[in-house]
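Observations on the model geometry
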Amino acid sequence: MSDDPVQALERAIAAGRFAPIYVLFGDEPAAIRAIVTALRRALIPPDDATAQAMAAFNHERFDGADLRTATPVISACQQVPMLAARRLVELANPDDIGKGGGEEGGSPTAAIDALIHYIGAPSPTTVLVIHGSGIDGRSRLVNACKKGGHAHKFEALKRDDEAVAFVLAEASARRRKLARDAATMLVAAVGTGRSELLAALEQAMLHAGDGAIGLADVEVMVARTREGNIFHLTDAVGRGDATAALAVLAQMFSAGEKDTGAAMQVLAMLTRQIRLIFTAKVGGPEAIKLPPFLLRGLESQARGFNEARLRTAYASLVRLDRDLKGGSHVAYASPMLALQRWILDTCRALPGVDART
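Just so it is clear, the structure is predicted and the values come from calculations on it, not from any experiment.

Some points on the packing of aromatic side chains
Evaluated as defined, the whole model comprises zero aromatic pairs. Positioned above the aromatic ring of Phe166, the side-chain terminus of Arg194 is 5.5 Å from the ring centre. One Lys or Arg, Arg309, reaches over the ring of Phe305 and ends 4.1 Å from the middle of that ring.

Pasting the structure below:
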């Protein structure tokens, strides 16, 4: 799509039009990864022997959770590139800097102040990319970057027709033929999140082999992905099976409990699932446009909920969204723990404890 923000940034980067600062945030980790990957390939080309040899000098990566202050990041940005036009410095999860305690004078506020000061006068020979799904779009850091046009928020597509167009464009970019009805079913199965759509498209492409991707390939993709991933998780919650849901959640957080990108992806899919169950419960199956094999499972899940329980689950998701974005220190520090509590509440797996609203 011509107006897709990811593709627009990728084109600019491929053309050598670099900004000194990139702040990438939002609930689309796949989009953030795509831009970071594009910057790496453009600034440290994998087919350039000199660039690869100098990568240790021209490419540094930091995670805010491992830093006490922003000093190492700023020092890296101020270094002169070696046999290259620019250095690449990456900083993930900037809001975590200094939260683990540390040296005198170090604090989260001081770290953000230092980054904002650098952003005001960045090095012309460094590209600093700050990224994280958990970055608050209202934060001082983001507001400072918005003034220079350096802040980029990536959100799920708003409408199904936008998502269908996105999937068709992605298939075309890969020189694969995707039937429109198959694209429509894929969106109906996984929602409008770019991350989920891309993963589902890859699965459907694998099943189709070298041929055109049709309805049968998407149906098989949905069936296969029910083991050990987000689709299995939402189904388990819909059935009220807390044990199965928690097992899948643990697999999804195999990279660590402080995986904000995974948390926001799970939250988006759970929100969609509860919304679909609520619609099926109140409006009946005719109110939902889904393939029959998906609709049958949704109707079965709806029978396990009453309207009050669904309202409570949805209200809890709204609160959880706020908490994961910094509204609760506990939830922000351990997204997996916050999601576990929501699952236990919704599946009524905590004896004698009322679900929170």
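Picking up after the structure, the text goes on.
Let's talk about the sheet that holds strand 5 (residues 151-154)
Strand pairing in a sheet takes place through backbone hydrogen bonds and is either antiparallel or parallel in direction. Taken together, five strands build an open sheet; the order of strands is 2-3-4-1-5 and the sheet is parallel. At either end of the open sheet lies a strand with only one pairing partner, and these are strand 2 (59-63) and strand 5. Here the strands of the sheet are splayed against their neighbours by 15° on average, with no regard to which way each runs. In this structure, strand 1 (residues 21-26) lies alongside strand 5, joined through four bridges in parallel fashion. Across the sheet, residue Leu24 finds its bridge partner in strand 5, namely His152. Contacts between helix 1 (residues 5-14) and the sheet are confined to strand 1 and strand 5, with strand 5 contributing the most and set at about 140° to the helix.

With respect to helix 6 (residues 108-120)
Over its 13 residues, helix 6 extends 19 Å from the first C-alpha to the last, a length consistent with the 18 Å expected when each residue adds 1.5 Å. Buried within helix 6 are the following residues: Ala111, Ile112, Leu115, Tyr118 and Ile119. Buried residues of helix 6 fall within an arc of 120° about the axis and therefore sit on the same side. In helix 6, the exposed residues that point more than 90 degrees away from the buried face are His117 and Gly120. Where the residues of helix 6 are buried, they touch strand 1, helix 5 (71-77), strand 3 (87-92), strand 4 (126-131) and helix 7 (140-146).

Things to note about the pattern of salt bridges
Any two side chains of opposite charge can pair if their charged atoms end up close together. Summed over all chains, the structure comprises 15 salt bridges. Between Arg159 and Asp161 there is a salt bridge, with the nearest N and O atoms lying 3.0 Å from each other. A salt bridge links Glu162 to Arg159, with the shortest nitrogen-to-oxygen separation between them at 3.4 Å. For Glu162, a relative accessible area of 24% puts it in the partly exposed group. Arg159 sits in the partly exposed class, given a relative accessible area of 46%. In the salt-bridge network here, residues are joined through shared partners; they are Arg40, Arg61 and Glu90.

What about the pairing of strand 4?
Counting buried residues in strand 4 gives six out of six residues, a clear majority hidden from the surface. Of the two faces of strand 4, the one holding Thr126, Leu128 and Ile130 and the one holding Val127, Val129 and His131 are both buried throughout. Relative to strand 4, strand 1 runs parallel, the two being bridged by four bridges. Bridge pairing in strand 4 places Val23 opposite Ile130. As defined by bridge partners, strand 3 adjoins strand 4 across six bridges and the pair is classed as parallel.

Quick notes on the side chain of Asp323
Position of Asp323 among the secondary structure elements: in helix 16 (residues 307-327). Of the residues examined, Asp323 reaches a relative accessible area of 13% and is grouped as buried. Excluding residues that lie within four positions of it along the chain, Asp323 makes contacts with Ser328, Ala331 and Tyr332.

Some remarks on the nonpolar core
Leu233, Leu249, Phe253, Leu324, Leu339, Trp342 and Ile343 are the most contacted members of the largest nonpolar core, which has 37 residues in total. Of all elements in the fold, only helix 12 (230-239), helix 13 (242-252), helix 14 (260-283), helix 15 (292-302), helix 16 and helix 18 (335-346) reach the threshold of two or more residues within this core. Looking at this core element by element, the count peaks at 10 residues for helix 14.

Here's the deal with the environment of Gly149
Along the polypeptide, Gly149 turns up in the loop between helix 7 and strand 5. For Gly149 and Tyr22, which are 127 residues apart along the polypeptide, the C-alpha to C-alpha distance reads 8.8 Å.

Structural notes on the packing of helix 16 against helix 18
Following both chains from N to C, one finds helix 16 and helix 18 inclined at 170°, their axes separated by 10 Å at the closest point. With respect to their mutual orientation, helix 16 and helix 18 come out roughly antiparallel. Where helix 16 approaches helix 18, its residues Arg309, Ala313, Ser316, Leu317, Leu320 and Leu324 are matched on the opposing element by Pro335, Ala338, Leu339, Trp342 and Thr346. In the contact of helix 16 with helix 18, the residues fall into eight nonpolar, two polar and one charged.

Cut-offs and rules
- Residues numbered from 1 in each chain as written.
- Predicted model: local features only at pLDDT ≥ 70, side-chain atom pairs only at ≥ 80, totals over all residues.
- Heavy atoms only, no water.
- Phe/Tyr/Trp six-rings, centres within 6.5 Å; stacked < 30°, edge-to-face > 60°.
- Lys NZ or Arg CZ within 6 Å of the ring centre and 35° of its normal.
- Pairing = 2+ DSSP bridges.
- Helix = DSSP H or I, 4+ residues; strand = E, 2+ residues; numbered from the N terminus.
- Axes fitted to C-alpha atoms, helices over the stretch in contact; angles between N-to-C directions.
- Contact = heavy atoms within 4.5 Å.
- Expected span 1.5 Å × (residues − 1).
- Buried < 20%, exposed > 50% of the residue type's maximum accessible area, 1.4 Å probe, protein only.
- Arc of directions from axis to C-beta.
- Salt bridge = Lys/Arg side-chain N within 4 Å of Asp/Glu carboxyl O.
- Core = buried A, V, L, I, M, F, W, Y, C linked by side-chain atoms within 4.5 Å.
- Parallel < 35°, antiparallel > 145°, perpendicular 65-115°, else oblique.
- Nonpolar A, V, L, I, M, F, W, Y, C, P; charged D, E, K, R; others polar.

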